[in-house]
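# Chains, contacts and geometry: an overview
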Amino acid sequence: MKLAVFDTHSYDQQALSAANVRHGHEIVYFEPRLHAATASLAAGFAAVCPFVNCRLDAATLQQLAQGGTRLVALRAAGYNGIDLAAAKALGMTVVRVPAYSPHAVAEHAFALLLTLVRKTHRAYNRVREADFSLDGLVGFDLHGKTLGIIGTGRIGRVAARIATGFGCRVLLCDPQSDPAFAQQLDASYCELPQLLAQSDIVSLHLPLTPDSHHLINAESLARCKPGVILVNTSRGGLIDTPALIAALKRGQLGGVALDVYELEEGVFFQDWSGTGLADDQLARLTTFPNVLISSHQGFLTREALANIADTTLENVRAFAAGETLINAISC
Ligand code: NAI
């Protein structure tokens, strides 16, 4: 099938081209993100393959449909960038990669958490300058701390297991609770206010939906324990950034680790070192010593990239063959 892949980088192209040896699709890679201004590039392609920061709103989808596109094969799990109702109205099918390596994202959450808590990012910089002093590097043990996990789907569950390995007391929050899972880990489900009030660390693993937008806001931050560490490897829009910055300025938070940021589209995955950041909120966040930001790289492991590529191309094959689509997203 003819597939236009958008927002591509060398690592995507390598993984997709390697997987395509088995699938034989006609793939063309485009560097720009897919949105209204770039949708014309997909004219004549029956399938497009966007990534997380592509914006498939109604206008973009309309253009794609006019150009002959019938399938949107998202190479990611979160689909908040796609207007599903508009896709449905246009008769387009949307598929995704619901799971590729929950370990990649959960392990990245802990990479960020441990870096923040033990200040290894600062130690690394100091030692490179021949500064072997320890002042300002005091951390704390994860062992014995309460770690709250919001969203206990695939990634949240792996994160909960890792937390148990560190000897944390684990609190879980999810409208679809799984008491058997909680029992296995000696963890417990609770409501959000209770989780926020009791957790020393809060890690977000729920999808961004209209309901969860700005779940972490001034009110919920005020419910948190003073000195809480907040980790977000899920979606930036879960956190109200001005409220987060205000709480950081008040010294209310022990630290914040972000792999995602609500206005990351157009900023992340690119090199701005020569021009500087135009986004004042993001620039402000980078000034706090207790804020650690990575550029939406939770998925960036060899294993996850290979799985993403293989499932994406298999989704396209199943669509072309008229088979039942196990990874279709319905609205
Ligand atoms: P999943 O669909 O397996 O689990 C999500 C869980 O969140 C479900 O159990 C659901 O019931 C729960 N949930 C929904 N609304 C909730 C709420 N208001 N409060 C508490 N729980 C709620 O999804 P999975 O695979 O675990 O992924 C989670 C999120 O991680 C994705 O939606 C995506 O945004 C993000 N992600 C980030 C990546 C990265 O590179 N940083 C890569 C992959 C996913």
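Computed from a predicted model, the values in this text were never measured in an experiment.

### Regarding the packing of aromatic side chains
- Applying the stated criterion to the full structure yields 5 aromatic pairs.
- Look at Phe-30 and Phe-45: their rings are 6.1 Å apart centre to centre, the planes differ by 80°, and that puts the pair in the edge-to-face class. Of the two residues, Phe-30 sits in the loop between β2 (26–29) and β3 (47–49) while Phe-45 sits in the loop between β2 and β3, which places them 15 residues apart along the sequence. Pair check on accessibility: Phe-30 and Phe-45 agree, each one buried.
- With 5.8 Å between their ring centres and 5° between their planes, Phe-110 and Phe-166 make a pair best called stacked. In this pair, Phe-110 sits in helix α4 (residues 102–118) while Phe-166 sits in the loop between α6 (154–165) and β7 (169–173), placing the two residues 56 residues apart along the sequence.
- Among the aromatic side chains, those forming a connected cluster through ring pairs are Phe-6, Phe-30 and Phe-45.
- Above the face of the Phe-181 ring, Arg-157 is positioned so that its terminal group lies 4.8 Å from the ring centre.

### Observations concerning the sheet that holds strand β10 (residues 228–232)
- The 7 strands lie next to each other as β8-β7-β6-β9-β10-β11-β12, forming an open sheet whose pairing is parallel. Looking at strand neighbours, the two that pair on one side only are β8 (188–189) and β12 (291–293), the edges of this open sheet.
- In the sheet, strand β6 (residues 146–150) pairs with strand β9 (residues 201–204) via 4 bridges, with the strands oriented parallel. Within the sheet, the bridge partner assigned to Gly-148 lies in β9 and is Val-202.

### A short note on the UniProt feature "domain: D-isomer specific 2-hydroxyacid dehydrogenase catalytic" (unreviewed entry) in the chain
- The positions UniProt marks with the feature "domain: D-isomer specific 2-hydroxyacid dehydrogenase catalytic" (unreviewed entry) are residues 4–329.
- The span residues 4–329 shows a helical share of 38% and a strand share of 14%, and its end C-alpha atoms are spaced 20 Å apart.

### Side note on the domain arrangement of the chain
- Entries for the chain in the domain assignment read domain 1 (2–100 + 301–320) and domain 2 (102–293).
- The gap between the C-alpha centroids of domain 1 and domain 2 is 29 Å.
- Opposite the 16 residues of domain 1 that make contact, domain 2 presents 12 residues.
- Overall, the association of domain 1 and domain 2 removes approximately 1,100 Å² of surface from exposure, summing both partners, and the carbon and sulfur fraction of that is 48%.
- The largest per-residue losses of area from domain 1 upon contact with domain 2 belong to Arg-33, Asn-53 and Asn-80, which jointly make up 43% of the total buried on that side.
- Joining domain 1 to domain 2, the criterion identifies 1 salt bridge.
- Between Glu-265 and Arg-55 there is a salt bridge, with the nearest N and O atoms lying 2.5 Å from each other.

### A look at the nonpolar core
- Ranked by internal contacts, the top residues of the largest apolar core, which has 81 residues, are Leu-64, Ile-150 and Leu-244.
- With 7 residues, helix α12 (residues 302–320) is the single largest residue contributor to this core.
- For Leu-244, the residues in contact, after removing those within four places along its chain, are Leu-221, Leu-230, Ile-239, Leu-253, Val-256, Leu-258 and Leu-285.
- Within the second largest apolar cluster, 26 residues are counted, among which are Leu-113, Val-117, Val-158 and Cys-168.

Definitions and limits used
- Residues numbered from 1 in each chain as written.
- Predicted model: local features only at pLDDT ≥ 70, side-chain atom pairs only at ≥ 80, totals over all residues.
- Heavy atoms only, no water.
- Phe/Tyr/Trp six-rings, centres within 6.5 Å; stacked < 30°, edge-to-face > 60°.
- Helix = DSSP H or I, 4+ residues; strand = E, 2+ residues; numbered from the N terminus.
- Buried < 20%, exposed > 50% of the residue type's maximum accessible area, 1.4 Å probe, protein only.
- Lys NZ or Arg CZ within 6 Å of the ring centre and 35° of its normal.
- Pairing = 2+ DSSP bridges.
- UniProt positions renumbered as here; feature names shortened; annotations may be inferred.
- Domains from an automatic or database assignment.
- Contact = heavy atoms within 4.5 Å.
- Buried area = accessible area lost by both parts, 1.4 Å probe.
- Salt bridge = Lys/Arg side-chain N within 4 Å of Asp/Glu carboxyl O.
- Core = buried A, V, L, I, M, F, W, Y, C linked by side-chain atoms within 4.5 Å.

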